[in-house]
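As a plain string of letters, each chain reads:
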Amino acid sequence: MSWVLPLPVVLPLLGAALNAALDHVTPRWLHVAVTLAAVAAALAFAILILIYSMSTETLHWFGGWHPRSGVAIGVVFAVDPLGAGFAVLACALTLLALLYSIPYVEVETRNYDMLVSVLCGACCGFALSGDLFNMFVWLELAGVAGYALTGFDIRRMSALQGAVNFAVVNTVGGYFVLIGIGLLYARTGALNLAQIGRTLAGEKSSGLVIIAMTLIVCGFLCKAAIVPFHFWLGDAYAVAPAPVCLIFAGIVTDIGVFGVGRVWFTVFDAPFGTHQRFVGDALLWMGIVTALVGGTMALVQQHLKRLLAFTVVCHIGIMLVGLGLLSSKGVAGAAMMLLGHGIATGGLFLAAGLLAVREPARWTAALWFCGAISLIGPPYIGVYMGHALIDDAAVELGRHWVQPLVWLAGALAGAALLRAGAQVFLGLVDDYDHGIEEDRDGPVPYLGAISALLVAVGLVVSLIPGLTQRVMRGADRFRDRAGYADRVLHGIPMKEGAHLPVVLQPTSTASLAYGCGALAVAVALAAFAVRRPDAARARVFDPVVWPLRQLQTGVVGDYVMWVVVGTAVLGGVWALTLR
Amino acid sequence: MSRQIRIAVLVPALGLFGFLLAWALVGLPHFGDYRGPYGYVLDRVVLPERHMTNVVTAVVFDYRGFDTMGEEFILFAAVVGVVLLLRQGGREEPDRLNDSVGSDGVRIGGTLAVGACVLVSLWLISYGFVTPGGGFQGGAALASSVLLVFLVSSHKAWSGVASDRVLDPFEGVGAGGYVVIGLGALIGGLPFLTNVLGPGSVGTLFSGGSAAFVNWSAGMEVAAANLVLFTEFIDEYVVPLAKGDAAG
Amino acid sequence: MSVLPYLVAGWICVIGLYGIVTSKHLIHLALCLTVTQSSTYVLLLAVGYVKGGGPPIFKGVKLGTTAVDPVVQSLTLTDIVVSVTVLALILALALDVHDELDTMDPDKIVELQG
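Scoring rules and cut-offs
Residues numbered from 1 in each chain as written. Chains lettered and ligands numbered in written order. Predicted model: local features only at pLDDT ≥ 70, side-chain atom pairs only at ≥ 80, totals over all residues. Heavy atoms only, no water. Helix = DSSP H or I, 4+ residues; strand = E, 2+ residues; numbered from the N terminus. Rg over C-alpha atoms; globule rule 2.2 N^0.38 Å. Domains from an automatic or database assignment. Contact = heavy atoms within 4.5 Å. Buried area = accessible area lost by both parts, 1.4 Å probe. Salt bridge = Lys/Arg side-chain N within 4 Å of Asp/Glu carboxyl O. Polar contact = N/O pair within 3.5 Å; in protein donor to acceptor, adjacent residues only side chain to side chain. Nonpolar A, V, L, I, M, F, W, Y, C, P; charged D, E, K, R; others polar. Buried < 20%, exposed > 50% of the residue type's maximum accessible area, 1.4 Å probe, protein only. Axes fitted to C-alpha atoms, helices over the stretch in contact; angles between N-to-C directions. Parallel < 35°, antiparallel > 145°, perpendicular 65-115°, else oblique. Left-handed = near helix turned anticlockwise from the far one by under 90°. Pairing = 2+ DSSP bridges. pLDDT = per-residue confidence, 0-100. Disulfide = S-S within 2.5 Å. Phe/Tyr/Trp six-rings, centres within 6.5 Å; stacked < 30°, edge-to-face > 60°. Lys NZ or Arg CZ within 6 Å of the ring centre and 35° of its normal.

1. Topic: the overall build of chain B
Along its length, chain B carries nine helices and zero strands. When the helices and strands of chain B are read in sequence order from the N terminus, they spell out α-α-α-α-α-α-α-α-α. Radius of gyration (C-alpha) of chain B: 23 Å, far over the 18 Å computed for a compact globule of 248 residues. Dimensions of chain B, computed from the C-alpha atoms along their principal axes, are close to 65 × 60 × 40 Å.

Structure representation (structure tokens):
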């Protein structure tokens, strides 16, 4: 069964290469067909892998180079349910983005299709890989494809700005990851995650391991746009074509959080296990600050896609909060959040993309509001389950203040979405400049249907019976370092777990209350923001928002400066607390 | 945020960053004291198992061949991206550019040099498993050898050699070939990219097994990708010159 | 000094970052990114050095002779390819920016702010 593992990565890449080989001689429909076939096949195999990974741990040693007495000499794909789920999501969202792009993107379609398939393959590879350098390669591949796709509208200065900022900040992040890999390699002589973790487990931690962790985590967090590495995202996701934004918001940003989780639970858990609260709390605080900053900045944006970009920042912060709690429930909450947010935000990006085809209509308003509500997360709708699991995990750890802050951030982002929806789609404000020019063509019902599909699935994510239990079991396995090392290095098969029920996961009353409260706060805030005249609005919002807006300068030098500041501060904090 | 403030915040941050980095670097094993098992294991097993005398190329194309596949696609994606970003609607053919190299000595010597460089590049690729070299190095050298055509003759000769219609299929076949070779092993029931042909004899062109094929496909892809990059950037430079020539 | 090569790598990284942040020209910025990347090359290659070791090429050399680590060399190869590709992309973006704005100063590319 392990022969299936490379396929979700290899098939999209092969599709892209085929498109290049067939260039100039084949009509457009053939290019599109090849790309769609490749991604659809990848999706089918990814689903197969997901089903299979629930019961066994599958490994694929590339080139047949199995480990020799605990020393891994080849590259491995070690799949667990969360990784497989990530790959399924990547392929599914890419497929929908490609379908949306068929009428939506009319120029350079061959190059566009090639880059999108490569992006899909890279994200799958990142999720499935068990080798640290291999993860870096897929990170860079996703990055390179992303930079070019962001700058797609080369005639627009904003698109070029977004692409440059995206490229420079993420490349610097990639270098940090590479320096971290070099440090770990020198210390352990291994690139395989399980082997590095096993080697580090036996020794005391040292400055080298602390700084390696800082660099690798900060590098991944640059991709994930966590404060203070988040500035580029508002610029980049505002200007990329809408279907590309779907992939970015749904999967590519989440690579960063997934990467941090993966390296923590396989490598750094070992030397820092006793001090893990310092690591977890740092991530927790960064996540909360990111969520609040994202929500606040979203509230004051006029440009629709930039608003959505800042809501992505908000939700990725919430995901990091879940991860920073370091417990199974926290990780499961982050995963459910990823699923719900990715699908719903993707649908909203596609709905915003519709504005480039024609004037907003009533049914697009309904679409928008449904998406906004699933991102606020009232009981059992949209991202609710993610929030609830994170709440439970925080309470179990005695951190009761996490709950209200996370719900507040979500409410802020939701208010922003509701406000924009009222202003743009319901026409409550005349001459609202939503920043999307009407310069594309396409069959609106078809495009709307794809967007509606995403929004609809996003609404019901928390209602799917049995999903939460399986995600929680996946989170258990994601966190199990010793078991992972046993399976990867020694081939010891994993124990079969008890059969999981297919029921709705119950949640605490506090979560239910917070969910309803968040919806109320979001609606109230949106109403205030829509109706009151500008001066009153400004008096309330400005003291908080003005400094944040000043920091978002758009200049890449400033962004890289913040990357250095953030890495240095985090490194300093961890150097002091983890020794 | 003005430059002064930016630099004022940067310098202390960079100082702290540098200090922490130095603290980590000082904790590394001393220079020359490499301890890890990975390198030692490979140094000992590659020659007997795969009869390849160049361990680095063996690592690149065999033991960690999957990483190399990803890396190849990074180059592929970047080149596609550059073509995407440097597209200009309705680019005119710079036919009227009169930039042929005048000196006979340069033309003749240069043409001979192109031939010699191409041969050396092909040698670098094919003997990659025996002596230093390999697909990436040889491919980059091959691209540079073809670039010599532009330098020693004219843009017209160059665009004849490095045209889109020729290069794109090469790039696709190179990148796709790597994947297809890997899939071939997969279909045969072996893990992806397993080296299937026998190890061959040490120190000859036939060492390396089927990794030699991925070596060639990587070389082809790298050469084609680099040539596409050169074409894109040269055309950015040449088209305004051609317009100037035509005008004046 | 036995850690000097590593400190050199660290220094290159730091000055590369300084160059990126204070750059006034996009091409200079792209080249500073390359400088920062070369710090990773130096670090990786320095990490793999074995005292008294020869290159990991065994043509005409007996098996078992001390050789340096081949893995970091392959990592550096990948690293170089990544560097070239990102450089190419940023240069292409720089050319596009110049077409639109007639300037290459990153501080002037501020279409989206706030």
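2. Let's talk about the domain arrangement of chain A
All names here are of chain A. On domain assignment, one finds that chain A holds domain 1 (1-128) and domain 2 (129-478 + 505-577). A separation of 23 Å is found between the C-alpha centroids of domain 1 and domain 2. Contact residues are listed per partner, giving 48 residues for domain 1 and 56 residues for domain 2. Across the domain 1 to domain 2 interface the summed buried area is about 4200 Å²; carbon plus sulfur atoms make up 76%. When the buried area of domain 1 at its contact with domain 2 is split by residue, Y100, Y104 and F126 rank highest and sum to 22% of it. Counting the contacts that link domain 1 with domain 2 gives one salt bridge. Between D80 and R262 there is a salt bridge, with the nearest N and O atoms lying 2.9 Å from each other. Here domain 1 and domain 2 share 11 residue pairs in polar contact (both at pLDDT 80 or more) between them. Listed by contribution, the elements that provide at least two residues to the side of domain 1 that touches domain 2 are α1 (7-21), α2 (28-55), β2 (76-79), α3 (81-104) and α4 (109-128). The element that contributes the greatest number of residues to the side of domain 1 that touches domain 2 is α3, accounting for 16 residues. The class makeup of the residues in the side of domain 1 that touches domain 2 is 36 nonpolar, eight polar and four charged.

3. With respect to the interface of chain B and chain C
Contact residues are listed per partner, giving 51 residues for chain B and 48 residues for chain C. Across the chain B to chain C interface the summed buried area is about 4500 Å²; carbon plus sulfur atoms make up 75%. For the pair chain B and chain C, the interface holds two salt bridges. With a closest N to O distance of 2.9 Å, D107 of chain C and R6 of chain B form a salt bridge. For the interface between chain B and chain C, the tally reads 11 residue pairs in polar contact (both at pLDDT 80 or more). Breaking the side of chain B that touches chain C down by element, the ones donating at least two residues are α1 (3-26), α2 (37-50), α3 (55-63), α4 (65-85), α6 (135-152) and α9 (211-247) of chain B. Partitioned by chemical class, the residues of the side of chain B that touches chain C number 33 nonpolar, 11 polar and seven charged.

4. Describing the interface of chain A and chain B
Taken together, the contact pairs 77 residues of chain A with 62 residues of chain B. Buried area between chain A and chain B, both sides added, is near 5700 Å², and the carbon and sulfur share of it is 77%. Considering only the surface of chain A that becomes buried against chain B, H24, W65 and I73 of chain A emerge as the three largest contributors, covering 10% of it. Counting across the chain A and chain B interface gives four salt bridges. Inspection of the chain A/chain B interface yields 11 residue pairs in polar contact (both at pLDDT 80 or more). Among the elements of the structure, α1, β1 (58-61), α4, α5 (132-150), α6 (157-188), α8 (207-224) and α22 (556-577) of chain A are those that each provide at least two residues to the side of chain A that touches chain B. When residues in the side of chain A that touches chain B are grouped by element, the largest group, 12 residues, is from α22 of chain A. Class assignment of the residues belonging to the side of chain A that touches chain B gives a composition of 51 nonpolar, 17 polar and nine charged.

5. Some remarks on the pattern of salt bridges
Per the counting criterion, the structure on display carries 18 salt bridges over all chains. The partner of E49 of chain B in a salt bridge is R68 of chain A, with the nearest N and O atoms 2.8 Å apart. In this pair, E49 of chain B sits in helix α2 while R68 of chain A sits in the loop between β1 and β2, so the two residues belong to two different chains. Residue E49 of chain B is classed as partly exposed on the basis of its relative accessible area, which comes to 29%. Across the pair D107 of chain C and R3 of chain B runs a salt bridge, and its minimum N-O distance is 3.5 Å.

6. Brief notes about the packing of α1 of chain A against helix α8 (residues 164-187) of chain B
Remark: α1 of chain A packs on α8 of chain B, axes separated minimally by 7 Å, with the N-to-C direction vectors making an angle of 150°. Comparing the axis directions of α1 of chain A and α8 of chain B gives the class roughly antiparallel. In the crossing of α1 of chain A with α8 of chain B, the sense of the turn from one axis to the other is left-handed. Here α1 of chain A contributes L7, V10, L14, A17, A20 and A21 of chain A to the contact with α8 of chain B, which in turn contributes D168, P169, G172, V173, A175, G176, V179, V180, L183 and L186 of chain B. Along the lines of polarity and charge, the residues of the contact of α1 of chain A with α8 of chain B split into 13 nonpolar, two polar and one charged.

7. Concerning the pairing of β1 of chain A
All names here are of chain A. Across the two faces of β1 the burial is the same, with T58 and H60 and L59 and W61 all buried. In terms of strand pairing, β1 meets β2 through four bridges, oriented antiparallel. Following the sheet pairing, H60 is matched in β2 by F77.

8. Some remarks on the environment of A409 of chain A
Residue and element names in this part refer to chain A. Within the secondary structure, A409 sits in helix α16 (residues 402-425). Separated by 119 residues in the primary sequence, A409 and T290 place their C-alpha atoms 9.0 Å from one another. Apart from the residues lying within four places of it in its own chain, the contact partners of A409 are A291, L292, G295 and C314.

9. What about the confidence of the model for chain A?
Looking at chain A, the pLDDT average stands at 91 and 98% of residues meet or exceed 70. Mean pLDDT per element in chain A: helix α21 (residues 534-551) of chain A is the minimum at 78, and α5 of chain A is the maximum at 96.

10. Description of the state of the cysteines
Residues and elements named next belong to chain A. Counted according to the given criterion, the structure contains zero disulfides over all chains. Cysteine C218 shares no disulfide, and the gap to the nearest cysteine sulfur, in C222, comes to 7.0 Å. With no disulfide partner, C370 has as its closest neighbouring cysteine sulfur the one in C516, 17 Å distant.

11. Describing the packing of aromatic side chains
On inspection of all chains with the given rule, the structure shows 40 aromatic pairs over all chains. Ring geometry for F61 of chain B versus F136 of chain B: centroids 6.1 Å apart, planes at 15°, classification stacked. With F61 of chain B in helix α3 and F136 of chain B in helix α6, this pair connects stretches of sequence that are 75 residues apart. Using a relative accessible area of 3% as the deciding quantity, one classes F61 of chain B as buried. The residue whose ring lies beneath R87 of chain B is F152 of chain A, and the NZ or CZ to ring-centre distance is 5.1 Å.

12. Observations concerning unusual backbone geometry
Note the cis peptide between V227 of chain A and P228 of chain A, where omega equals -5°. For P228 of chain A, the location among the structural elements is in the loop between α8 and α9 (231-236). At E108 of chain A, a residue that is not glycine, the phi angle is positive and equals roughly 50°. Relative to the helices and strands, E108 of chain A is located in the loop between α3 and α4. The phi dihedral of H51 of chain B falls on the positive side, at around 55°, and the residue is not glycine.

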